Amino acid sequence: MSIFNSMNITSSALTAQRLRMDVISSNMANVDTTRGKLVNGKWQPYQRKEVVLEPMSNSFSSFLQAATGNTTGNGVKVAKIVDDNTPFKLVYDPQNPDANADGYVEMPNVDPLKEMVDLMSSTRSYEANVTVFNSNKAMLMKALEIGK
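All of these numbers come straight from a predicted model, not from anything done at the bench.

Here is what the cut-offs are and how they apply
Residues numbered from 1 in each chain as written. Predicted model: local features only at pLDDT ≥ 70, side-chain atom pairs only at ≥ 80, totals over all residues. Heavy atoms only, no water. Phe/Tyr/Trp six-rings, centres within 6.5 Å; stacked < 30°, edge-to-face > 60°. Lys NZ or Arg CZ within 6 Å of the ring centre and 35° of its normal. Helix = DSSP H or I, 4+ residues; strand = E, 2+ residues; numbered from the N terminus. Buried < 20%, exposed > 50% of the residue type's maximum accessible area, 1.4 Å probe, protein only. Axes fitted to C-alpha atoms, helices over the stretch in contact; angles between N-to-C directions. Parallel < 35°, antiparallel > 145°, perpendicular 65-115°, else oblique. Left-handed = near helix turned anticlockwise from the far one by under 90°. Nonpolar A, V, L, I, M, F, W, Y, C, P; charged D, E, K, R; others polar.

Participant: Would you mind going over the packing of aromatic side chains in detail, with residue names and values included?
Facilitator: By the definition in use, this model includes one aromatic pair. Above the face of the Tyr46 ring, Lys49 is positioned so that its terminal group lies 5.0 Å from the ring centre.

Participant: Just give me the short version of the environment of Val110, but keep the residues and values in it.
Facilitator: Mapped onto the elements, Val110 comes out in the loop between strand E6 (104-107) and helix H3 (112-146). In this structure Val110 comes out as buried when scored by relative accessible area, which is 0%. The sequence separation of Val110 and Phe88 amounts to 22 residues, and the corresponding C-alpha distance is 8.5 Å.

Participant: Run through the packing of helix H1 (residues 5-29) against H3, naming residues and quoting values.
Facilitator: It is at 9 Å that the axes of H1 and H3 come closest, and there the two elements cross at 160°. One element, H1, and the other, H3, form an angle in the roughly antiparallel class. The way H1 lies across H3 gives a crossing that is left-handed. When the residues that make up the contact of H1 with H3 are grouped by side-chain class, the tally is 14 nonpolar, 10 polar and five charged.

Structure (C-alpha coordinates):
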(Lines give C-alpha, C1' and ligand atoms only; values in the text may rest on other atoms or scores of the structure.)
Protein backbone atom coordinates (compact mmCIF):
# COMPACT_ATOMS: atom_id res chain seq x y z
CA MET A 1 0.00 0.00 0.00
CA SER A 2 1.37 3.36 -1.03
CA ILE A 3 1.48 6.34 1.30
CA PHE A 4 -0.75 8.15 -1.18
CA ASN A 5 -3.23 5.27 -1.62
CA SER A 6 -5.84 6.86 0.64
CA MET A 7 -5.54 10.14 -1.27
CA ASN A 8 -6.02 8.29 -4.57
CA ILE A 9 -9.13 6.56 -3.22
CA THR A 10 -10.56 9.84 -1.96
CA SER A 11 -9.80 11.68 -5.19
CA SER A 12 -11.59 9.00 -7.20
CA ALA A 13 -14.67 9.48 -5.02
CA LEU A 14 -14.46 13.26 -5.47
CA THR A 15 -14.34 12.85 -9.24
CA ALA A 16 -17.29 10.44 -9.24
CA GLN A 17 -19.43 12.68 -7.02
CA ARG A 18 -18.62 15.72 -9.17
CA LEU A 19 -19.85 13.88 -12.28
CA ARG A 20 -22.94 12.80 -10.36
CA MET A 21 -23.66 16.45 -9.51
CA ASP A 22 -23.20 17.41 -13.17
CA VAL A 23 -25.72 14.77 -14.28
CA ILE A 24 -28.21 15.92 -11.64
CA SER A 25 -27.77 19.51 -12.86
CA SER A 26 -28.46 18.37 -16.41
CA ASN A 27 -31.62 16.60 -15.25
CA MET A 28 -32.82 19.73 -13.46
CA ALA A 29 -32.05 21.93 -16.46
CA ASN A 30 -34.19 19.70 -18.69
CA VAL A 31 -37.17 19.28 -16.38
CA ASP A 32 -39.49 20.90 -18.97
CA THR A 33 -37.81 19.75 -22.19
CA THR A 34 -40.45 18.02 -24.30
CA ARG A 35 -38.14 17.51 -27.30
CA GLY A 36 -35.17 15.56 -26.04
CA LYS A 37 -34.39 13.18 -28.89
CA LEU A 38 -35.96 11.97 -32.09
CA VAL A 39 -37.14 8.33 -31.95
CA ASN A 40 -38.84 6.77 -34.98
CA GLY A 41 -39.68 10.19 -36.41
CA LYS A 42 -41.33 11.36 -33.15
CA TRP A 43 -39.86 13.70 -30.56
CA GLN A 44 -39.40 12.04 -27.20
CA PRO A 45 -39.12 14.10 -23.98
CA TYR A 46 -35.83 14.36 -22.13
CA GLN A 47 -35.12 11.15 -20.28
CA ARG A 48 -33.65 11.37 -16.79
CA LYS A 49 -30.05 10.18 -16.46
CA GLU A 50 -28.49 8.28 -13.57
CA VAL A 51 -24.86 7.60 -12.70
CA VAL A 52 -23.79 4.02 -11.95
CA LEU A 53 -20.68 3.67 -9.77
CA GLU A 54 -18.52 0.59 -9.30
CA PRO A 55 -15.27 -0.33 -7.52
CA MET A 56 -12.13 0.85 -9.28
CA SER A 57 -10.57 -2.56 -9.80
CA ASN A 58 -11.94 -6.01 -10.44
CA SER A 59 -8.50 -7.49 -10.80
CA PHE A 60 -7.32 -10.76 -9.31
CA SER A 61 -5.30 -8.93 -6.67
CA SER A 62 -8.39 -7.08 -5.42
CA PHE A 63 -10.26 -10.40 -5.02
CA LEU A 64 -7.22 -11.91 -3.30
CA GLN A 65 -7.05 -8.98 -0.89
CA ALA A 66 -10.75 -9.34 -0.07
CA ALA A 67 -10.36 -13.09 0.49
CA THR A 68 -7.46 -12.54 2.90
CA GLY A 69 -9.43 -10.03 4.96
CA ASN A 70 -7.81 -6.88 3.61
CA THR A 71 -10.82 -4.61 3.16
CA THR A 72 -9.06 -1.56 1.79
CA GLY A 73 -10.42 -0.67 -1.60
CA ASN A 74 -8.96 0.92 -4.67
CA GLY A 75 -11.50 3.68 -5.08
CA VAL A 76 -14.58 4.13 -7.18
CA LYS A 77 -15.22 4.86 -10.83
CA VAL A 78 -18.19 5.73 -12.96
CA ALA A 79 -19.27 2.56 -14.74
CA LYS A 80 -21.82 4.24 -16.98
CA ILE A 81 -24.53 6.84 -17.22
CA VAL A 82 -27.89 5.22 -17.87
CA ASP A 83 -31.35 6.46 -18.81
CA ASP A 84 -34.07 6.16 -16.20
CA ASN A 85 -36.90 4.08 -17.68
CA THR A 86 -39.74 5.37 -15.51
CA PRO A 87 -42.69 6.39 -17.69
CA PHE A 88 -43.07 9.96 -18.87
CA LYS A 89 -45.66 12.16 -17.17
CA LEU A 90 -48.73 13.14 -19.20
CA VAL A 91 -49.89 16.74 -18.79
CA TYR A 92 -53.07 18.07 -20.36
CA ASP A 93 -52.11 21.05 -22.54
CA PRO A 94 -53.93 21.03 -25.89
CA GLN A 95 -52.29 24.35 -26.94
CA ASN A 96 -48.80 22.84 -26.82
CA PRO A 97 -47.41 21.94 -30.27
CA ASP A 98 -46.14 18.63 -28.83
CA ALA A 99 -49.61 17.56 -27.62
CA ASN A 100 -51.04 14.29 -28.90
CA ALA A 101 -54.52 13.90 -30.41
CA ASP A 102 -56.10 13.85 -26.94
CA GLY A 103 -54.33 17.09 -25.91
CA TYR A 104 -51.77 15.46 -23.60
CA VAL A 105 -48.07 16.30 -23.67
CA GLU A 106 -45.44 13.80 -22.56
CA MET A 107 -43.20 15.52 -20.01
CA PRO A 108 -39.76 14.33 -18.87
CA ASN A 109 -39.56 11.73 -16.12
CA VAL A 110 -37.54 14.14 -13.96
CA ASP A 111 -38.84 14.67 -10.43
CA PRO A 112 -37.29 17.87 -9.01
CA LEU A 113 -37.75 16.66 -5.43
CA LYS A 114 -35.88 13.42 -6.12
CA GLU A 115 -33.15 15.37 -7.93
CA MET A 116 -32.72 17.72 -4.97
CA VAL A 117 -32.43 14.77 -2.57
CA ASP A 118 -29.83 13.16 -4.86
CA LEU A 119 -27.99 16.47 -5.11
CA MET A 120 -27.88 16.86 -1.33
CA SER A 121 -26.62 13.29 -0.97
CA SER A 122 -23.93 13.83 -3.59
CA THR A 123 -22.91 17.16 -2.04
CA ARG A 124 -22.62 15.64 1.44
CA SER A 125 -20.53 12.79 0.07
CA TYR A 126 -18.30 15.26 -1.75
CA GLU A 127 -17.86 17.33 1.44
CA ALA A 128 -17.05 14.22 3.48
CA ASN A 129 -14.41 13.18 0.94
CA VAL A 130 -12.88 16.68 1.02
CA THR A 131 -12.66 16.37 4.81
CA VAL A 132 -10.96 12.97 4.50
CA PHE A 133 -8.55 14.33 1.89
CA ASN A 134 -7.62 17.28 4.13
CA SER A 135 -7.15 14.97 7.12
CA ASN A 136 -4.84 12.74 5.08
CA LYS A 137 -2.90 15.78 3.95
CA ALA A 138 -2.54 16.98 7.55
CA MET A 139 -1.33 13.54 8.69
CA LEU A 140 1.26 13.43 5.92
CA MET A 141 2.47 16.90 6.85
CA LYS A 142 2.83 15.83 10.51
CA ALA A 143 4.74 12.75 9.39
CA LEU A 144 7.12 14.98 7.43
CA GLU A 145 7.58 17.22 10.50
CA ILE A 146 8.51 14.17 12.58
CA GLY A 147 11.29 13.39 10.13
CA LYS A 148 12.94 16.81 10.67
